[in-house]
Amino acid sequence: MKSKIITLLLLNVTLLAFGQANIMDCVVKNSDLPPPDGVVYSSDPNLYLYGDPLVFNVFYWQVRDPNGGFGGQEFSQTKVLENIAYLNKFFNQYNIFFKYRGYDGFDTPANLPLYELTYDEELEQWVCEDTGQLDPNGYGFIDRCQYSQFGSWVESQGYKVSNAINIYVPYGSQFGGASFGSKVILKIDKLTDSVVFHELAHSFGLAHTRSNMELYSSERATRDPNGPFYYNADTAADGLVQTAAHDVFYDRVCGDGNDPACYPTINSEACSVDQYSMETDYDGRYTKPHIAWGDVVNLMSSAYLCTENYFFPAQVNKMRSYIENSYTLQGLMTDVAALYEPYAGIYTDGTPQVATGSPLFQPGFDYQFLNCYPDGGYPLPSDYYDTSFIYTDGGFWWYGFSKDIDPSNYYTIRHKDRYAIRIEQIEQQPRKCWNTGQGAIGGTLVKFNDGVLNTNVTIQPQDSTAINNPQFINNLQPGLYNVIKTYQSGETQENIVQKNNN
Ligand SMILES: [Zn+2]
């Protein structure tokens, strides 16, 4: 006997039936989210640019099938670090940051019912029908009938880190992404897709801009509070006046807006639609797409895959306000100091360092590691708030990494002895000077015999006693030198010295 779950799915029939405009296929409904709060959010970006940085912990879970399989796909720490980098590279412009807290994984139950999503003509609803069979994929492949059960199941199993955003990564899903507050589902091939930003925005209280999704959130096109048509931009859909009432686009030369054959081609390069495109609001009133209001480019619209999607300032200010007032979200956050802590590797306070074991930092920021002193002053890294150390800026005495570093090089983002960390996305002040004072294990003195930088040189090897002598440079005869120190990590430090007579 078949049982039906009539569900809270409330799937938009048009969207599901035609798949139009639904490349991302987010399963979140505006009615799952806090209703519009009537606040008119500022569209001033300075509010968030000069606000406090907001930093979230993120933990990942690999979601496998009942036999431990992952659909033949690869899952690795590098994969989830790609997501952390992707999140930071986008959200940092809004003064929101993400701290990687690790990953784990689990097999899912073998006895889950296998549902089929069908349209019930009598009920005029999409329903989940129990086929009476068992789902061989468990939650490894999550379908539209399973995602809310999955959310409850992980809670019951303890597959959740309480102080972090938990990102669950199955190998497949019948949708692009899902968000339930602190829990987000993103299949493995969506980890670096703009659906990531869209789902996180749901977690941060942002709704779709769609005009016709559900009754309470049906938005009308007018932006004139005193106009002839009922104005509800501040209380419908996403509750934001800055974003347009958005439904579906269609080509008015082709025909009716309900005919999927008339949906226009989206220009994903320009994030635009063609000149014949119209859209409709809740009342079926036709309007030209509001490109300036981000109908296409807006991440919370139907989310076309533009080359560049973004949020509007009012959306960002609403998200940040929601975060700052949410007790639940506050519990998932950490402070900026956490971004200066490694996710792997250890600091040692004087035992020999090897390059492969030094502390590792997450990708997605522009890092500069700057030489810092005094030698031996910080056998373990200085406190985040202690900026009394000396550092050199530029020259030979630094190394760095781009936020766009290739995943194959993530393992090279390391904090080496004698360096402090600058994260350019946060501030210019370097932090966490680490200088064990072990000194160099040896070195070389290169004298430029002509007093200029050329190849006429005399080279003298130096032992550790000589090269570490604080008077080493003072004791040099007048001339031009390159003092090269070699450290246990294998790296070298070069210092061009012009020694004068005085
Ligand atoms: Zn969504």
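Residues numbered from 1 in each chain as written. Predicted model: local features only at pLDDT ≥ 70, side-chain atom pairs only at ≥ 80, totals over all residues. Heavy atoms only, no water.

### Some words on helix H5 (residues 195-203)
Here is step 1: Of all nine residues that make up H5, nine are buried, and the element is covered over most of its length.
Here is step 2: Among all positions in H5, only Val195, Val196, Phe197, His198, Glu199, Leu200, Ala201, His202 and Ser203 are buried.
Here is step 3: With its phi angle positive at about 90°, Gly205 sits one or two positions after the end of H5. (Buried < 20%, exposed > 50% of the residue type's maximum accessible area, 1.4 Å probe, protein only. Helix = DSSP H or I, 4+ residues; strand = E, 2+ residues; numbered from the N terminus.)

### Let's talk about helix H3 (residues 77-91)
Here is step 1: Its 15 residues place the ends of H3 21 Å apart at the C-alpha level, agreeing with the 21 Å of an ideal helix rising 1.5 Å per residue.
Here is step 2: Residues of H3 that are buried include every one of Val80, Leu81, Asn83, Ile84, Ala85, Leu87, Asn88, Phe90 and Phe91, and no others.
Here is step 3: In the core, the buried residues of H3 are packed alongside strand S2 (54-64), strand S3 (96-107), strand S7 (165-170), strand S10 (183-186), H5 and helix H6 (313-325). (Expected span 1.5 Å × (residues − 1). Contact = heavy atoms within 4.5 Å.)

### Describing the pattern of salt bridges
Here is step 1: Here the structure, examined in full by the defined rule, presents nine salt bridges.
Here is step 2: Linking Arg64 and Asp107 is a salt bridge whose minimum nitrogen-to-oxygen distance equals 2.7 Å. A residue pair is termed long-range when its members are at least 10 positions apart, and Arg64 in strand S2 and Asp107 in strand S3 qualify at 43 residues.
Here is step 3: What makes Asp107 partly exposed here is its relative accessible area of 36%.
Here is step 4: In this structure, Lys89 engages Asp404 in a salt bridge whose closest nitrogen and oxygen atoms are separated by 2.9 Å. Residue Lys89 is found in helix H3, and its partner Asp404 is found in the loop between strand S19 (398-401) and strand S20 (419-423); the two are separated by 315 residues along the sequence.
Here is step 5: Judged by its relative accessible area of 38%, Lys89 falls in the partly exposed class.
Here is step 6: Here the salt bridges share partners, and the residues they tie into one network are Lys89, Lys403 and Asp404. (Salt bridge = Lys/Arg side-chain N within 4 Å of Asp/Glu carboxyl O.)

### Examining the sheet that holds strand S22 (residues 442-448)
Here is step 1: Strand order in this open sheet of four strands is S23-S22-S24-S25, and the pairing throughout is antiparallel. One side of each edge strand has no neighbouring strand; the edge strands of this open sheet are strand S23 (457-463) and strand S25 (492-499). Shown here is a sheet whose adjacent strand axes are inclined to one another by a mean of 20°, direction ignored.
Here is step 2: Here S22 pairs with S23 via seven bridges, running antiparallel. Residue pairing in the sheet places Val446 in a bridge with Ile459 of S23. (Pairing = 2+ DSSP bridges. Axes fitted to C-alpha atoms, helices over the stretch in contact; angles between N-to-C directions.)

### Some points on the pairing of S20
Every regular strand shows the same layout, with side chains that alternate between the two sheet faces.
Here is step 1: The buried fraction of S20 amounts to five of the five residues, a majority that puts the element mostly inside the structure.
Here is step 2: Along S20, one buried face is formed by Tyr419, Ile421 and Ile423 and the opposite face, lined by Ala420 and Arg422, is buried too.
Here is step 3: With five bridges connecting them, strand S17 (residues 367-373) and S20 associate as antiparallel partners. Bridged to Tyr367 within S20 is Ile423.
Here is step 4: Examined bridge by bridge, S20 and strand S21 (residues 431-434) share two bridges and lie antiparallel to one another. Along S21, the bridge assignment pairs Ile421 with Arg431.

### A short note on the packing of aromatic side chains
Here is step 1: Summed over the entire model, instances satisfying the criterion amount to 47 aromatic pairs.
Here is step 2: With 4.9 Å between their ring centres and 10° between their planes, Phe369 and Tyr399 make a pair best called stacked. With Phe369 in strand S17 and Tyr399 in strand S19, the pair connects residues that are 30 residues apart, well separated along the chain.
Here is step 3: Among the residues examined, Phe369 registers a relative accessible area of 0% and is labelled buried.
Here is step 4: Taking the relative accessible area as the measure of exposure, Tyr399 reaches 14% and is therefore buried.
Here is step 5: Measuring from centroid to centroid gives 4.8 Å for Tyr384 and Tyr385, while their planes differ by 85°, and the two rings are edge-to-face.
Here is step 6: Judged by relative accessible area, which is 11%, Tyr384 ranks as buried.
Here is step 7: The ring of Tyr487 is capped by Arg418, whose NZ or CZ atom sits 3.1 Å from the centre of that ring. (Phe/Tyr/Trp six-rings, centres within 6.5 Å; stacked < 30°, edge-to-face > 60°. Lys NZ or Arg CZ within 6 Å of the ring centre and 35° of its normal.)

### A look at the pairing of S7
Here is step 1: Taken across its six residues, S7 has six buried, putting it largely inside the fold.
Here is step 2: The two faces of S7 match: Ile165, Ile167 and Val169 on one face and Asn166, Tyr168 and Pro170 on the other face are all buried.
Here is step 3: Pairing analysis gives six bridges linking S2 to S7, with the strands arranged parallel. In the strand pairing of S7, Val58 is matched with Ile165.
Here is step 4: Summarising the sheet, S7 and S10 pair through three bridges and their orientation is parallel. From the neighbouring strand, Tyr168 faces S10, where its bridge partner is Ile185.

### Details of the state of the cysteines
Here is step 1: Here the structure, examined in full by the defined rule, presents two disulfides.
Here is step 2: Linked covalently through their sulfurs, Cys128 and Cys145 form a disulfide whose S-S length is 2.2 Å. Disulfide Cys128 to Cys145: torsion about the S-S bond roughly -95°, handedness left-handed. Of this pair, Cys128 sits in strand S5 (residues 125-134) while Cys145 sits in the loop between strand S6 (141-142) and helix H4 (147-157), placing them 17 residues apart in sequence. A single burial state applies to Cys128 and to Cys145, both of which are buried.
Here is step 3: Covalent S-S linkage joins Cys372 and Cys433, the inter-sulfur distance amounting to 2.1 Å. Every disulfide takes its handedness from the sign of the S-S torsion; for Cys372 and Cys433 that torsion is 90°, giving right-handed. Here Cys372, found in strand S17, pairs with Cys433, found in strand S21; they are 61 residues apart in sequence, far enough to count as distant. We note that Cys372, like Cys433, is buried. (Disulfide = S-S within 2.5 Å.)

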